[in-house]
Amino acid sequence: MNRSAPLECDTDVGVPDSDKLFRFVVHGVLLNAIGAGGLLGNALSVLVLSRPQMRSSINCLLVGLAACDTVLIFTSVLLFGLTAIYPYTGALRYYYYHICPHLTPYAYPLANVAQTMSVYLTLIVTVERWVAVCHPFRAKALCTSSRARWYVLGTATFAFAYNAPKFFEAEVVPEGGPEAGEVIYCVRADVDFRTDRYVAVYIHWMYLVVMYIVPFSALAALNACIVRQVHRAQAERARLSRVQRRELGLATMLLVVVLVFFLCNLLPLVTNAFEVFLGDEFDNLDPLVKTSNLLVTINSSVNFVIYVIFGEKFKRVFLKIFCAGRIRPRGLRDSPEHTRDDSFASYGERMSLRLARNGTLRRSDIRSTRINRPRRAASPAPTVYYPAPTPSTDISLASTDAPPSAVRWNGNSRLHF
């Protein structure tokens, strides 16, 4: 401890001013600002995706993804954003040495739980789209809202089970006393629990496999299949039905979500690989760790922007909620609150119905429509069916990063995802 200056934890002693400035800019300014915007965006996403006309399997998964991203952003601000202010400015000392140390043993594992859920919910969203695009006739049974809820619950169970050891990794140690004039609290790794084998097997290798190799490989393979099918469908776009074109737009939007996920998690993957293979030399890469924490927060904050740009129905419902019909996006048709643009298949004959405002259509109306409507010659079927229009795939829209490796537990320590 440094007794000649204000009481500090060991990991805060001797930190260069340049490191404090870099941390303040990256975490104290950028991470906090982006995190605030991300919290607002995720709240709006949940509000829009929870509307009755948005109910579908994919939107249920996206609501779970937004909730996980919200937890991840909130814990990142508590652990990294607010703690970056004191070392450079001298403000928030009480939070730095009294509140945050007692939050860290619980907030940090919860951040890793949310991170794990975010990664695997992004993978499940991709699997759902792969089924709808490449195996459309199985989508009706596999892509349902009830199954999506079970997927979210199963992902949460797995995330808590995988990250359970992290609740025992840290301990809070008081420093100082009456002779020092104050008492501060420092967070340190529990050396009895974090043995060398635990660090090598669980923190390094299992983390690399579970959080990067498995999901990244699966995402790359599944999205390659989806991209190939999207390209084939775009060649036949003029001959696709309205539902099929909407599905094409949804697949494109989710491809952007996955692309942003890859870009924002590439640097965390590199830094954790360096930590595995470089060992002690990794201490020289602390700026990369801080930057990777910022990228994790960005990835959890930008999905709302993607939904607004690429999600036609998401944008329509968002404007309907907040503009009360006064603003009508050009080229988009407004639809009643409970109208569903489903295509129904009956006895092998496909017909598209515009439901009444109350969501029902009488059987007599259907018969009269069949009787009075002139018979038309069958139009040639498109060579690419993308995807089969079933109620379960009528979804109009609208996913990370990684837990830490060996870390020091406060201030300028390498606490990262």
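Data block above holds the structure.
By convention here, each chain's residues receive numbers from 1 onward along its written sequence. Reporting in this predicted model follows two pLDDT cut-offs: at least 70 for local features of residues, and 80 or more for side-chain atom pairs to be given and counted; totals over whole chains, interfaces and linings ignore these cut-offs and use all residues. Side-chain metrics in this entry use all non-hydrogen atoms of the structure; hydrogen atoms and water are not considered.

## Side note on the packing of aromatic side chains
As a reminder, the rule being used: Think of it this way: a Phe, Tyr or Trp ring, Trp meaning its six-membered ring, pairs with another when their centres are within 6.5 Å, and the plane angle makes it stacked under 30 degrees, edge-to-face over 60, tilted otherwise. To qualify as a helix, a DSSP run of H or I must reach at least 4 residues; to qualify as a strand, a run of E must reach at least 2; elements of each kind are numbered from the N terminus. Categorising residues by exposure relies on relative accessible area from a 1.4 Å probe, with only protein chains included: less than 20% of the type maximum marks a residue as buried, more than 50% marks it as exposed, and the intermediate range marks it as partly exposed.
Under the defined criterion, the tally for this structure stands at 19 aromatic pairs. Measuring from ring centre to ring centre gives 5.9 Å for Phe168 and Phe193, while their planes differ by 45°; the resulting arrangement is tilted. Of this pair, Phe168 sits in the loop between helix H6 (145–163) and strand E1 (170–177) while Phe193 sits in the loop between strand E2 (182–189) and helix H7 (196–235), and the two are 25 residues apart along the sequence. We classify Phe193 as partly exposed; its relative accessible area is 29%. Through successive ring pairs, a cluster of aromatic residues spans Tyr120, Phe158, Tyr162, Phe168, Phe193, Tyr198 and Tyr202.

## A closer look at helix H4 (residues 93–134)
To keep things clear, this is the line we draw: Across the chain, bend at a residue is computed as the angle between axes fitted to the seven residues ending at that point and the seven starting from it.
Maximum bend of H4: about 55°, positioned at Thr104, with proline Pro105 one to four residues after it. Where burial is concerned, most of H4 is hidden: 30 out of the 42 residues are buried.

## Some points on the state of the cysteines
For clarity, the threshold we go by: The disulfide definition used here is simple: a pair of cysteine sulfur atoms within 2.5 Å.
Across all of its chains, the model carries one disulfide by this definition. Paired through a disulfide, Cys9 and Cys186 show a sulfur-sulfur distance of 1.8 Å. Given an S-S torsion of about -95°, the disulfide between Cys9 and Cys186 has left-handed geometry. In this pair, Cys9 sits in the segment before helix H1 (17–49) while Cys186 sits in strand E2, placing the two residues 177 residues apart along the sequence. Under the relative-accessibility criterion, Cys9 is labelled buried at 2%. Since its relative accessible area comes to 1%, Cys186 is described here as buried.

## Concerning a nonpolar patch on the surface
Heads up, the condition is: Exposure above 30% relative accessible area and no salt bridge define the residues that can form patches, which grow by joining like charges within 9 Å and nonpolar side chains of Val, Leu, Ile, Met, Phe, Trp and Tyr within 5 Å. In short, Shrake-Rupley with a 1.4 Å probe defines the accessible areas, and a residue's cover is counted only from the protein chains shown. Whenever Lys or Arg places a side-chain nitrogen within 4 Å of a carboxyl oxygen from Asp or Glu, that contact is recorded as a salt bridge.
On the surface, Trp205, Leu266, Val270, Phe274, Phe277 and Leu278 cluster together into a nonpolar patch covering about 560 Å² of accessible area. Ranked by residues supplied to the nonpolar patch, first place goes to helix H8 (residues 242–278) with five residues. One can find Phe277 in helix H8. Taking relative accessible area as the criterion, Phe277 reaches 58% and is therefore assigned exposed.

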